Amino acid sequence: MGDVRNGIATRAGAMLLAPVGWLANVFDAPLRMLQRRTGSNGMAVFFLAPNMLVFGIFVLFPLVINILYSMTGGGALFLGDRTFVGADQYGRLFSCGSYLDPKSCTEDLFWIAVWNTLTFVVLQVAMMVAVALVTALVLNRELRARSFWRAVFFFPVLLSPVVVGLIWRWILQRQGLLNLMVFEAGGTPVNWLVERNWAFAATIMVSVWAHVGFYALILLAGLQAIPKDLYEAAEMDGTRPMRVFWRITLPLLAPNLLVVLVLTLIRAVQIFDEVYVLTGGGPGTSTLFLTQYIYEVGFASLLRNPGLASAASILMGAVLVVLTLIQLGIARRNEQRGKTR
Amino acid sequence: MRMNTIILGLSAGLLSSTAFAGDVRVMWYSDGVEGEVIQDLLNRFMKDNPGINVILDNVAYKVVQEQLPVELEAGRGPDIARVTNIKELADHWLDLTPVVADPAYWQTNFGDQFDWMRPDGSKIIPGFMTQITLTGGFVNKTLFEQAGVPIPADTATWDEWIDAAGKVQQSQQLNAAFAIDRSGHRISAPNISYGANYIGGDRLPAPIDAGTKAFAEKLVNWVADGRMNKEIWVSASGTTYRAGADDFINGQIAYYYSGSWQVANLASKIGKNFDWVATGSPCGPAACTGMPGGAALVAIKYTKNASEVGKVMDFLGREDIVREFTERTLFLPAHKGVLAGKIDYKTDDENVKASLEAFLKASGKIAPNAAALPAWKWGTPVYGALVTRISQVMAGEMKLDEAFVRIDEDIKAKVAEASK
């Protein structure tokens, strides 16, 4: 019976691979000829070209256009119709008495957004990494219905950010579910989305809730890749659980943690959609983040300023590049340390 | 033969999804039932004009506000659109003069609002207003009655209105006494009633004056003392629009300042839950004015089917069609002939009839400073700066004096940028 099954599987595999083999034969001769003419380096260029073309069209070209826009003024859409203003837009953004005091800046809303974003990044990244780590550690244990619990934590990742924002808005608004529960419990309802600190805390909590499943999954994969014999050896030595965590789990999970840190950091700087739906940047400007500022200046207001929005987005992009390079630097250093040990 | 069949099939597929000469594409947004009414009217038009296929794209208001301007800048877009930012985009409207049957008819019946829709100094026929709107207040009569508080008279001031609503709030233990939509346009009516004038001698924005400052101070104080619903203005940043209609519909406020376009919305959602009525605009020391405005149906100059567009516009601008549209949508019309005749609004709701009467009556009290704003191209930056900064003051982020300085700076920066 097993032989019959294997035979069927082999034949099915051969049938599926047949077109691939046929294609390989068709391209074999011309590719060999190309390799003879261009050499190995030429072939590398040939195979990379389609990817580079797509990257150039969809990433590099818009980036260059964005830089050019940031050096123009006026409300016209097309670059050709816009007035060249050099670094004026950057000058406007950086025109400040003190960068620590947005009120002293010409473009005060930009600096409010910068400081809000920085605060958000510090708090949200710390909370996201911590919650993702704890979640991954719990989900890695021998739990009953473990797959179910993994799905539960991952489910919010599948939701659209707009849906996330709306769900939490319904929960947190003045007459929302949370206040109903507070009232039923005999407490005084709080205007969660109108009080500055509560609204800011809500943006952090909601974004952690929405994305923690994804990061927990990365860490879970890292935890499962740690050799079991290390834990067995530690158990035989009678090592305390906390020491096992600090000496085995955490060091071996470091590469995954770094990936989570970089991704969380980048995502936190770019935060927009769910917060825009949840608080609209309010109360006042207390949850106005950089991407919303750029969106409002460049698109939402009726008298748009694409030049100023582009300049702000270039600055935000530069910050992201620096953050990523720092993280990569740390990763490389850790890798080299690991090799020398 | 087989290849020919495939090509034929592909061609048929393409034909079904491509616009052709004779097609007229209309971008339309709805506040109430007007999308259904206009589709009905257009179906009738197509029956009488089988050579013209009118495609109605019902879109969200945000699409008209944010995507249409980009399409227009790119020299594209629909053939006809229903818009509210009619002055800012005026360079993109088609002159209907050569394509409508009787330009004099258009001039006579819609001419009063043409300057709202065309560039300064231009004499084109750009389209017509599908509705005239007027800002004004709505009162929850049932709450006032339950509280035993008399509804203020037509000549009552803003202070008297808010005091009365405040008494209802206390008596009925409401979260707030009243709400005003989060919109610079909305607070411009009371600003003007307090003596504000936005237009400077050179037609550029004037620095904000004592009228605007006086009403802004009142607004901030009403939020601070809990009479104005804080959420509407404080729970967003920038120029984000927030309406207070839901709080009024849910009976959580006694008084709501919005505008005539809410009548159909309130009627359908409130139903028989409570009695309500429109009350015009409260008075200030200078006037008792509302802000006029509205939505226009304009032809886009990038159309490739101008003559078909002319026929559609001629049909929709006909007196009997405007009358039917007005009566079924419960809008205030712009057509002079329709206004001169009797309008038989298709509703049994006494609240609606009384409200529309009130708005028609209030339209006779529009102050000249308010009447001038729809045709003024710098209204938008003024409205945007007002709403952004005053809500920051309400949130406790800055003082009123700082906000006034910022408002002037914001407006100046926008005007300078747009003039480059």
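Every chain is numbered independently, its residues counted from 1 as its sequence is written. Throughout, the order in which chains and ligands are written sets their labels, letters from A for the former and numbers from 1 for the latter. Whole-chain, interface and lining totals are the exception, using all residues; otherwise, since this is a predicted model, local features are given only for residues with pLDDT of at least 70 and side-chain atom pairs are given and counted only at 80 or more. Excluding hydrogens and water, the side-chain values take into account all heavy atoms of the structure.

### Things to note about the domain arrangement of chain B
Residues and elements named next belong to chain B.
- Here chain B is described as being made up of domain 1 (21-132 + 293-340) and domain 2 (135-292 + 357-418).
- Distance between the C-alpha centres of domain 1 and domain 2: 29 Å.
- Each side of the interface is counted separately: domain 1 has 13 residues, and domain 2 has 12 residues.
- When two parts are brought into contact, each loses some accessible area as probed by a 1.4 Å sphere; the total of that loss over both is the buried area. Taken together, both faces of the contact between domain 1 and domain 2 bury some 1,100 Å²; the carbon and sulfur share is 64%.
- We count a salt bridge whenever a side-chain nitrogen from Lys or Arg sits within 4 Å of a carboxyl oxygen from Asp or Glu. The tally of links from domain 1 across to domain 2 stands at zero salt bridges.
- Side-chain atoms alone can form a polar contact between residues adjacent in sequence; in general such a contact is a pair of N or O atoms within 3.5 Å, and within protein one must be able to donate a hydrogen while the other accepts it. Our count for the contact surface shared by domain 1 and domain 2 stands at two residue pairs in polar contact (both at pLDDT 80 or more).
- Numbering of helices and strands runs from the N terminus; a helix is a DSSP stretch of H or I covering at least four residues, while a strand is a stretch of E covering at least two. Looking at the side of domain 1 that touches domain 2, the elements that each hand over two or more residues are helix 5 (114-117) and strand 4 (127-140).
- For this scheme, ten residues count as nonpolar: Ala, Val, Leu, Ile, Met, Phe, Trp, Tyr, Cys and Pro. Four count as charged, namely Asp, Glu, Lys and Arg, and the remainder, Gly too, count as polar. Residue composition of the side of domain 1 that touches domain 2, grouped by class: five nonpolar, three polar and five charged. The domain limits used here are those given by an automatic or database domain assignment. Any two residues whose heavy atoms approach within 4.5 Å are treated as being in contact.

### Section: the interface of chain B and chain A
- The partner chain A presents 44 residues to the 39 residues of chain B that form the contact.
- Buried surface at the junction of chain B and chain A, both sides included, amounts to about 3,200 Å², of which 47% is carbon and sulfur.
- Summed over the shared surface of chain B and chain A, the number is six salt bridges.
- Put simply, Arg-174 of chain A and Glu-231 of chain B hold a salt bridge, and the shortest N to O gap is 2.3 Å.
- On inspection of chain B and its partner chain A, the count reaches 17 residue pairs in polar contact (both at pLDDT 80 or more).
- When residues of the side of chain B that touches chain A are traced back to their parent elements, those giving at least two are helix 3 (61-73), helix 10 (230-234), helix 18 (379-394) and helix 19 (400-418) of chain B.
- Its residues assigned to classes, the side of chain B that touches chain A comprises 11 nonpolar, 14 polar and 14 charged.

### Description of a nonpolar patch on the surface
Residues and elements named next belong to chain A.
- Two joining distances apply to patches: 9 Å for like charges and 5 Å for nonpolar side chains (Val, Leu, Ile, Met, Phe, Trp, Tyr), and every residue must have over 30% relative accessible area and no salt bridge. Areas reported as accessible are Shrake-Rupley estimates using a 1.4 Å probe. Residue values count occlusion only from the protein chains shown. Taken together, Leu-48, Met-52, Leu-53, Val-54, Phe-55, Ile-57, Phe-58, Val-59, Leu-60, Leu-63 and Ile-67 make up a surface patch of nonpolar side chains, about 1,000 Å² in accessible area.
- By the element assignment, Ile-67 lies in helix 1 (residues 2-69).
- Only protein chains enter the accessibility calculation, which uses a 1.4 Å probe. A residue is then buried if its area is under 20% of the maximum for its type, exposed if over 50%, and partly exposed in between. Classification of Ile-67 by relative accessible area gives partly exposed; the value is 36%.

### A closer look at the domain arrangement of chain A
Residue and element names in this part refer to chain A.
- Domain boundaries in chain A define domain 1 (2-69) and domain 2 (108-340).
- Computed from C-alpha atoms alone, the centre-to-centre distance between domain 1 and domain 2 is 36 Å.
- The junction of domain 1 with domain 2 conceals about 330 Å² of combined surface from both sides, 61% of it contributed by carbon and sulfur atoms.
- Of all residues in domain 1, the largest losses of buried area upon contact with domain 2 belong to Asn-66, Ile-67 and Tyr-69, amounting jointly to 95% of the total for that side.

### Examining the pairing of strand 4 of chain B
Residues and elements named next belong to chain B.
- In terms of burial, strand 4 is a largely internal element, 14 of the 14 residues being buried.
- Strand pairing is assigned whenever DSSP identifies at least 2 bridges connecting the two strands. Strand direction decides the pairing type here: strand 4 and strand 8 (residues 292-299), joined by seven bridges, are antiparallel. Considered in strand 8, the bridge of Thr-133 is made with Gly-293.
- In this structure, strand 4 lies alongside strand 6 (residues 255-259), joined through five bridges in antiparallel fashion. Within the sheet, the bridge partner assigned to Val-139 lies in strand 6 and is Tyr-255.
- Note that strand 4 and strand 7 (residues 276-280) share four bridges and pair antiparallel. Opposite Gly-137, over in strand 7, you have Gly-280 as the bridge partner.

### Considering empty space enclosed by the protein
Residues and elements named next belong to chain B.
- The method works on a 1 Å grid over the protein atoms by themselves. A cavity is a set of points holding a 1.4 Å probe that cannot get out, a pocket is an open set with protein on both sides within 12 Å along at least five of seven lines, and residues with an atom within 4 Å of a point line them. Grid points are joined across faces, edges and corners, and a volume is the space filled by probe spheres set on the points. This structure, assessed with the given rule, holds three cavities of 30 Å³ or more.
- Considered as a void within the structure, the largest cavity measures approximately 60 Å³ in volume.
- Trp-28, Ile-38, Leu-41, Phe-128, Thr-130, Leu-297, Leu-316, Ile-321, Val-322 and Phe-325 together form the lining of the largest cavity.
- Broken down by secondary-structure element, the contributors of at least two residues to the lining of the largest cavity are helix 2 (34-48), strand 4 and helix 14 (319-329).
- The element contributing the most residues to the lining of the largest cavity is helix 14, with three residues.

### Focus: the state of the cysteines
- Count a disulfide wherever a pair of cysteine sulfur atoms falls within 2.5 Å. According to the stated counting rule, one finds two disulfides over all chains in the structure shown.
- Disulfide pairing places Cys-96 of chain A opposite Cys-105 of chain A at an S-S distance of 1.7 Å. Since a negative S-S torsion denotes a left-handed disulfide, the Cys-96 of chain A-Cys-105 of chain A link at about 105° is right-handed.
- The exposure class assigned to Cys-105 of chain A is buried, which follows from its relative accessible area of 2%.
- Here Cys-283 of chain B is linked by a disulfide to Cys-288 of chain B, with a sulfur-sulfur distance of 2.0 Å. Across the S-S bond linking Cys-283 of chain B and Cys-288 of chain B, the dihedral sits near 100°, which makes this disulfide right-handed.
- We classify Cys-288 of chain B as partly exposed; its relative accessible area is 23%.

### Describing the layout of surface pockets
- In this model, the second largest pocket occupies a volume close to 1,100 Å³.
- As for the second largest pocket, its lining consists of 43 residues, and the residues nearest its centre are Gly-75, Ala-76, Leu-77 and Arg-304 of chain A together with Glu-73 of chain B.
- When contributions to the lining of the second largest pocket are tallied by element, the ones reaching two or more residues are helix 1, helix 11 (290-300) and helix 12 (306-340) of chain A together with helix 3 and helix 19 of chain B.
- Of the residues contributing to the lining of the second largest pocket, the split by class is 20 nonpolar, 11 polar and 12 charged.

### Topic: the packing of aromatic side chains
- Aromatic rings from Phe, Tyr and Trp, taking only the six-membered ring of Trp, are treated as a pair when their centres fall within 6.5 Å; an angle between ring planes under 30 degrees marks them as stacked, one over 60 as edge-to-face, and anything in between as tilted. Applying the stated criterion to the full structure yields 39 aromatic pairs over all chains.
- With centroids separated by 5.5 Å and ring planes inclined at 75°, the aromatic side chains of Trp-168 of chain A and Trp-209 of chain A adopt a geometry described as edge-to-face. Taken as a pair, Trp-168 of chain A in helix 5 (residues 161-172) and Trp-209 of chain A in helix 7 (residues 196-225) lie far apart in primary sequence, 41 residues in all.
- Taking relative accessible area as the criterion, Trp-168 of chain A reaches 13% and is therefore assigned buried.
- Plain terms: the ring middles of Phe-215 of chain B and Trp-222 of chain B are 5.8 Å apart, the flat faces sit at 75° to each other, and that makes the pair edge-to-face.
- A residue is classified by how much of its surface remains accessible, and Phe-215 of chain B, at 0% relative accessible area, is buried.
- Of the residues examined, Trp-222 of chain B reaches a relative accessible area of 4% and is grouped as buried.
- Following the ring pairs from residue to residue traces out a cluster consisting of Trp-158, Trp-161, Phe-178, Tyr-194, Phe-215, Trp-222, Tyr-255 and Tyr-257 of chain B.
- Both a distance and an angle decide whether a charge sits over a ring: NZ of Lys or CZ of Arg must be within 6 Å of the ring centre and within 35 degrees of the ring normal. Over the ring of Trp-28 of chain B we find Arg-82 of chain B; its NZ or CZ atom is 4.8 Å from the centre of that ring.

### A few points about unusual backbone geometry
- Pro-283 of chain A follows Gly-282 of chain A through a cis peptide bond whose omega is -5°.
- Summarising the element assignment, Pro-283 of chain A is placed in the loop between helix 10 (273-278) and helix 11.
- In this structure, Ala-145 of chain A takes a positive phi of about 55° despite not being glycine.
- If you trace the backbone, Ala-145 of chain A turns up in the loop between helix 3 (108-139) and helix 4 (146-158).
- Unusually for a residue other than glycine, Arg-203 of chain B sits at a positive phi of about 65°.
- Of note, Arg-203 of chain B is situated in the loop between helix 8 (184-193) and helix 9 (210-224).

### Structural notes on the confidence of the model for chain A
- Summarising the model, chain A shows a mean pLDDT of 89, and 96% of its residues fall at 70 or more.
- pLDDT measures how confident the predictor is about each residue, on a scale from 0 to 100. When the elements of chain A are averaged for pLDDT, helix 12 of chain A gives the smallest value, 83, and helix 3 of chain A the largest, 96.

### Looking at the pattern of salt bridges
- Inspection of every chain in the model, using the stated rule, returns 30 salt bridges over all chains.
- Between Arg-196 of chain A and Glu-397 of chain B there is a salt bridge, with the nearest N and O atoms lying 2.8 Å from each other. Pair noted here: Arg-196 of chain A is in helix 7 and Glu-397 of chain B is in the loop between helix 18 and helix 19, and the two residues belong to different chains.
- Glu-397 of chain B sits in the buried class, given a relative accessible area of 13%.
- Here the residues in one salt-bridge network are Asp-108 of chain A together with Arg-389, Arg-406, Glu-409 and Asp-410 of chain B, joined through shared partners.

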